[in-house]
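One letter stands for each residue in the lines below.
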Amino acid sequence: MGQLFGTDGVRGVANADLTAELALGLSVAAAHVLAEAGTFEGHRPTAVVGRDPRASGEFLEAAVVAGLASAGVDVLRVGVLPTPAVAYLTGALGADLGVMLSASHNPMPDNGVKFFARGGHKLADELEDRIEAVYGAHASGEPWNRPTGAGVGRVRTYDEGFDNYVAHLIGVLPNRLDGLKVVLDEAHGAASRVSPEAFARAGAEVITIGADPDGLNINDGCGSTHLGLLKAAVVEHGADLGVAHDGDADRCLAVDAAGNEVDGDQILAVLALAMRDADGLRKNTVVGTVMSNLGFKLAMEREGIELVETAVGDRYVLESMKSEGYALGGEQSGHVIILDHATTGDGTLTGLMLAARMAATGRGLAELAAVMERLPQVLVNVPDVDKSRVGTSEELAAAVADAERELGSTGRVLLRSSGTEPLVRVMVEAADIDQARSVAARLADAVKSALG
């Protein structure tokens, strides 16, 4: 059996790669690993199950619920809610595990199963490995103790989840949003009800686009991966701010009043200063990744804020934050984690906090985001090379050293091996876009020469 878990749960084309049988089997295995079903005296394990609006989520949810209940786990079905809502409710309700059905920003035919442990935390690799091992054992015919009679799990709908989550979001805001006009692009996804409700309750004037999910239109030309509609809507309505989510609303990108994109690095910079000013930026540190824009790093240095860089992926950002006690971290893609209020990236919370900073300071988003200059980044994929030697080739190391000398302190080079494909990614940043392109092209040739 190949590895099922990727960087963010188990994903694939629904009903082809991710079948009902797989979803059911994984849920049984997760129940045994995460809920220790049947081992609690006087305690019935409980799971929170939510999904995004994809059509395939309907049958996959049924399979997940069936698997959990057959393993003796009581199930609270919270319906269509964002991934961070499921994580929050898992912790707030004291559930033994949570399950979210979503493929995030992926196109509609895809779907995924993501598990949360007690407290609403993402699973460590070791737990995912155990779930996969138990699933494999069951799939090969190893019997397991199936509860009967009163021992089977009970299933009920938990409609209170929506209001509980929105109340949580409003409760952690430092100030209201009165006077702000905000356009929200919900990507026809999981936050189509939650985000507009939260912004409106916080006092903002709200205009929504991409908030009519029909099961088939999620991420279709809208949301955080397609900002064109949001940019146009912000300008058309004379709004102060535009906020875009992805399908499961664990990320947030923004648009200023002039229709210009504000990415995750810029959002992190704004929130870092806001939290520092409120004495909430623990250890005066923010966590980013090696792909964070150099302009973000330079801005944090100028503001006297420490930057810790991790491997690419919000799970690595979160691991660093939890292990070292940091309060804020995130990625350029818009995954922003505010650990005092969320256990995972939360796009609605991020957008609310960004708006709160605008309302508190009376400053526009463009002015706030100008704390950092986003340096041009050029990314070139070099296919069909021996990516295993990217860190050991002396020829390639010499080419990188030459490039870094040319760029000096106002640029940088990063080479990354793809985790799934035989290619190397060359990323070059420089204040001069033409220089960045020239250096990236030469390095791509060097990668082909050294590793081809």
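This write-up is about the structure you can find in this document. (Residues numbered from 1 in each chain as written. Predicted model: local features only at pLDDT ≥ 70, side-chain atom pairs only at ≥ 80, totals over all residues. Heavy atoms only, no water.)

1. What about the packing of aromatic side chains?
The description of two aromatic rings rests on the distance between their centres and on the angle between their planes. For the record, the criterion: Think of it this way: a Phe, Tyr or Trp ring, Trp meaning its six-membered ring, pairs with another when their centres are within 6.5 Å, and the plane angle makes it stacked under 30 degrees, edge-to-face over 60, tilted otherwise. Secondary structure elements follow DSSP: runs of H or I no shorter than four residues count as helices, runs of E no shorter than two count as strands, and numbering proceeds from the N terminus. Three exposure classes are used, based on accessible area relative to the maximum for each residue type with a 1.4 Å probe and protein chains only: buried under 20%, partly exposed in between, and exposed over 50%.
Scanning the model with the defined rule gives 2 aromatic pairs in all. Arranged with centres 6.4 Å apart and planes meeting at 50°, the rings of Phe5 and Phe115 form a pair that is tilted. Taken together, the residues Phe5 in the segment before strand 1 (10–13) and Phe115 in strand 5 (residues 110–117) connect sequence positions 110 residues apart. Since its relative accessible area comes to 4%, Phe5 is described here as buried. Judged by its relative accessible area of 3%, Phe115 is buried. Note on Tyr88 and Tyr165: the rings are 6.2 Å apart at their centroids and 45° apart in plane angle, and the pair reads as tilted. Linking Tyr88 in helix 3 (residues 83–92) with Tyr165 in helix 5 (residues 160–172), this pair joins segments that are 77 residues apart in sequence. Given the relative accessible area of 0%, Tyr165 is considered buried.

2. Structural notes on the sheet that holds strand 8 (residues 181–185)
Note the threshold: Strands pair, by our definition, only if DSSP identifies at least two bridges between them.
With mixed pairing, the 5 strands of this open sheet are ordered in space as 9-8-10-11-12. At either end of the open sheet lies a strand with only one pairing partner, and these are strand 9 (205–209) and strand 12 (261–262). Inspection of the sheet shows strand 8 paired to strand 9 by 5 bridges, in the parallel sense. By the bridge assignment, Val182 is partnered in strand 9 with Val206.

3. A short note on the sheet that holds strand 19 (residues 423–430)
Note the cut-off: Only C-alpha atoms enter the line fits that serve as axes; for helices the fit covers just the stretch in contact. Angles between N-to-C directions range over 0 to 180 degrees.
Within the open sheet, the 3 strands sit side by side as 17-19-18. Their pairing is antiparallel. Strand pairing shows two members of the sheet lacking a second neighbour, strand 17 (377–383) and strand 18 (411–417), which therefore form its edges. Between one strand and the next, the sheet's axes are offset by a mean angle of 15°, whatever the strand orientation. In this sheet, strand 19 lies alongside strand 17 in antiparallel orientation, the contact comprising 7 bridges. Looking at the pairing, Val380 lines up with Val426 of strand 19.

4. A word on empty space enclosed by the protein
Regions of empty space are outlined by a rolling probe, equal in size to a water molecule, passed over the atoms. Our working rule: Residues are called lining when one of their atoms sits within 4 Å of a cavity or pocket point, these points coming from a 1 Å grid over the protein atoms alone, where a cavity is a set in which a 1.4 Å probe fits but cannot get out and a pocket is an open set with protein on both sides within 12 Å along at least five of seven lines. Grid points are joined across faces, edges and corners, and a volume is the space filled by probe spheres set on the points.
A complete count under the given rule lists 1 cavity of 30 Å³ or more for this structure. As a volume, the largest cavity reaches approximately 90 Å³.

5. Some points on the environment of Ile305
For clarity, the cut-off: Contacts between residues were defined by any pair of non-hydrogen atoms, one from each residue, lying within 4.5 Å.
You can see Ile305 is positioned in the loop between helix 9 (294–302) and strand 14 (306–310). Judged by relative accessible area, which is 4%, Ile305 ranks as buried. Ile305 sits 35 residues away from Asp340 along the chain, and the two C-alpha atoms are 19 Å apart. For Ile305, the contacting residues outside a window of four places in its chain are Ala272, Leu273, Arg276, Leu281, Asn284, Thr285, Val286 and Met300.

6. So, the layout of surface pockets
For clarity, the cut-off: Note on residue classes: Ala, Val, Leu, Ile, Met, Phe, Trp, Tyr, Cys and Pro are nonpolar, Asp, Glu, Lys and Arg are charged, and everything else, Gly too, is polar.
Computed from the structure, the largest pocket encloses a volume of approximately 1400 Å³. Lining the largest pocket are 38 residues; nearest its centre among them are Thr7, Asp8, Val312, Gly313 and Arg416. Sorting the residues of the lining of the largest pocket by element identifies strand 1, helix 4 (125–139), helix 10 (314–324), strand 18 and strand 19 as the ones contributing at least two each. Broken down by element, the lining of the largest pocket gets its largest block of residues, 4 residues, from helix 4. When grouped by side-chain class, the residues that make up the lining of the largest pocket number 9 nonpolar, 16 polar and 13 charged. Reported here for the second largest pocket is a volume of approximately 330 Å³. Taken together, 16 residues make up the lining of the second largest pocket; nearest its centre are Pro174, Ala274, Met275, Ala278 and Met353. If you list the elements that add at least two residues to the lining of the second largest pocket, you get helix 8 (264–277) and helix 11 (347–361). The class makeup of the residues in the lining of the second largest pocket is 10 nonpolar, 3 polar and 3 charged.

7. Concerning the nonpolar core
Across soluble globular proteins, you tend to see nonpolar side chains buried next to one another. Operational definition: Take the buried Ala, Val, Leu, Ile, Met, Phe, Trp, Tyr and Cys residues and link them wherever side-chain atoms come within 4.5 Å; each set so joined is a nonpolar core.
The biggest cluster of nonpolar side chains holds 63 residues, and the ones touching the most others in it are Leu177, Phe199, Leu241 and Leu328. Looking at this core element by element, the count peaks at 8 residues for helix 8. Leu328 has contacts with Leu268, Leu271, Ala272, Met275, Leu281, Thr285, Val286, Val287, Met321, Val336, Ile337 and Ile338, leaving out every residue within four places of it along the chain. Core analysis: the next-biggest nonpolar cluster, separate from the first, contains 35 residues, Val10, Ala30, Leu127 and Tyr135 among them.

8. A word on the state of the cysteines
The test is simple: The criterion for a disulfide is a pair of cysteine sulfur atoms lying within 2.5 Å.
Per the counting criterion, the structure on display carries 0 disulfides. The closest cysteine sulfur to the non-disulfide-bonded Cys222 is located on Cys252, 15 Å from its own sulfur. You can call Cys222 buried: its relative accessible area is 2%. Overall, Cys252 belongs to the buried group, its relative accessible area being 0%.

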